[in-house]
Amino acid sequence: MQIEVQAVDNPSRSRAGLTSDRLVLFVRAAGLLAALLYVTVGPLNQVQLFGDGSLFSYAIAVQESWAYHWHNIPVRLVVYVLAHLPSEAYIGLTGDVVGGLTLYGLLFYAAPLAGLGLTWAADGSPGRGIFTLACLSTAGLLPLVFGFPTEMWFAHSAFWPT
C-alpha cells in the first residue's frame with residue numbers, strides 16, 4: 001500500500017508566510033539600522049560629552065579614567081578596557097584630546113553593531129531567530145538607555161551573542 005501526499009494550495013497560508021518573512025526582514029533591518037545610527041549619531045553629535053558621559057569624557061581627556069571613576073566599580077571593567085583604555089592611549093600617543101574623545105564615542109557606540117555581528121555568527125537557530133530577536137531588542141529596547149548608563153549599553157551588546 002502506497003500513500004500519496006499532495007500539496008494543497010492554501011493562499012491564506014502563503015500570505016501568512018510571506019507576511020512573517022517580511023516582518024522578520026523588517027525587524028532585522030530595523031536592528032541593523034539602529035545599530036548603524038548609534039555609531040553614527042552618537043559620535044557625530046558628541047553625545048558622549050553630555051549628561052553622564054561628561055564625567056567619562058573628562059576622565060578620558062585627562063587620561064585618568066581609572067582613578068576618577070572605574071577603580072571603585074569593577075563590574076564596569078569591560079567598558080573601561082574596550083572603550084576607555086584605547087581612547088586614553090590614543091590621547092597619550094598623539095596629544096589629540098578631541099580625536100581621543102571621538103574614538104571613545106566610536107568605540108562606545110559601535111558595541112551594539114559588534115554585538116549583532118557576533119550574534120549573527122553564533123546563531124545556529126532555525127531562520128536565525130536569535131539574531132532577529134537581537135535586532136528587535138537593539139531597535140526597540142536599546143534606545144531606552146541610549147548612551148548611558150554605560151554598563152547597560154555594553155551588557156545589551158554582549159547579551160545576545162553569549
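Please read these numbers as outputs of a predicted model, since none were measured by experiment.

### Points about the packing of helix H6 (residues 111–122) against helix H7 (residues 129–140)
Argument step 1. For the pair H6 and H7, the least separation of the axes is 9 Å and the interaxial angle reads 165 degrees. Looking at the two axes, H6 sits roughly antiparallel to H7. Between H6 and H7 lies a crossing of right-handed hand. Contacts from Pro-112, Leu-116, Thr-119 and Trp-120 in H6 reach Ile-130, Phe-131, Ala-134, Cys-135 and Thr-138 in H7.
Argument step 2. Residue composition of the contact of H6 with H7, grouped by class: seven nonpolar, two polar and no charged.

### Some points on the nonpolar core
Argument step 1. Tyr-104, Phe-108, Tyr-109, Trp-153 and Phe-154 are the most contacted members of the largest nonpolar core, which totals 19 residues.
Argument step 2. If you list the elements that add at least two residues to this core, you get helix H1 (11–44), helix H2 (52–61), helix H4 (77–94), helix H5 (97–109) and helix H8 (150–159).
Argument step 3. Non-local contacts of Tyr-104, meaning those with residues more than four positions away in its chain, are made with Gln-48, Phe-56, Ser-57, Ile-60, Ala-83, His-84, Ser-87 and Thr-150.
Argument step 4. Core analysis: the next-biggest nonpolar cluster, separate from the first, contains six residues, Val-27, Leu-116, Phe-131 and Cys-135 among them.

### What about the side chain of Thr-138?
Argument step 1. Considering the arrangement of structural elements, one finds Thr-138 in helix H7.
Argument step 2. We classify Thr-138 as buried; its relative accessible area is 1%.
Argument step 3. A polar side-chain atom of Thr-138 sits 2.8 Å from the main-chain carbonyl oxygen of Ala-134.
Argument step 4. For Thr-138, the residues in contact, after removing those within four places along its chain, are Gly-31, Ala-34, Ala-35, Tyr-38, Pro-112, Leu-116, Pro-143 and His-156.

### Quick word on H6
Argument step 1. With 12 residues, H6 should reach 16 Å at 1.5 Å per residue; the first-to-last C-alpha distance of 16 Å fits that figure.
Argument step 2. Of all the positions in H6, only Ala-111, Pro-112, Gly-115, Leu-116 and Thr-119 are classed as buried. The buried residues of H6 occupy an angular sector of 135 degrees when the element is viewed end-on, so they sit on one face. Turned more than 90 degrees from where H6 packs its buried face, Leu-118 and Ala-121 sit exposed.

Here is what the cut-offs are and how they apply
Residues numbered from 1 in each chain as written. Predicted model: local features only at pLDDT ≥ 70, side-chain atom pairs only at ≥ 80, totals over all residues. Heavy atoms only, no water. Axes fitted to C-alpha atoms, helices over the stretch in contact; angles between N-to-C directions. Helix = DSSP H or I, 4+ residues; strand = E, 2+ residues; numbered from the N terminus. Parallel < 35°, antiparallel > 145°, perpendicular 65-115°, else oblique. Left-handed = near helix turned anticlockwise from the far one by under 90°. Contact = heavy atoms within 4.5 Å. Nonpolar A, V, L, I, M, F, W, Y, C, P; charged D, E, K, R; others polar. Core = buried A, V, L, I, M, F, W, Y, C linked by side-chain atoms within 4.5 Å. Buried < 20%, exposed > 50% of the residue type's maximum accessible area, 1.4 Å probe, protein only. Polar contact = N/O pair within 3.5 Å; in protein donor to acceptor, adjacent residues only side chain to side chain. Expected span 1.5 Å × (residues − 1). Arc of directions from axis to C-beta.

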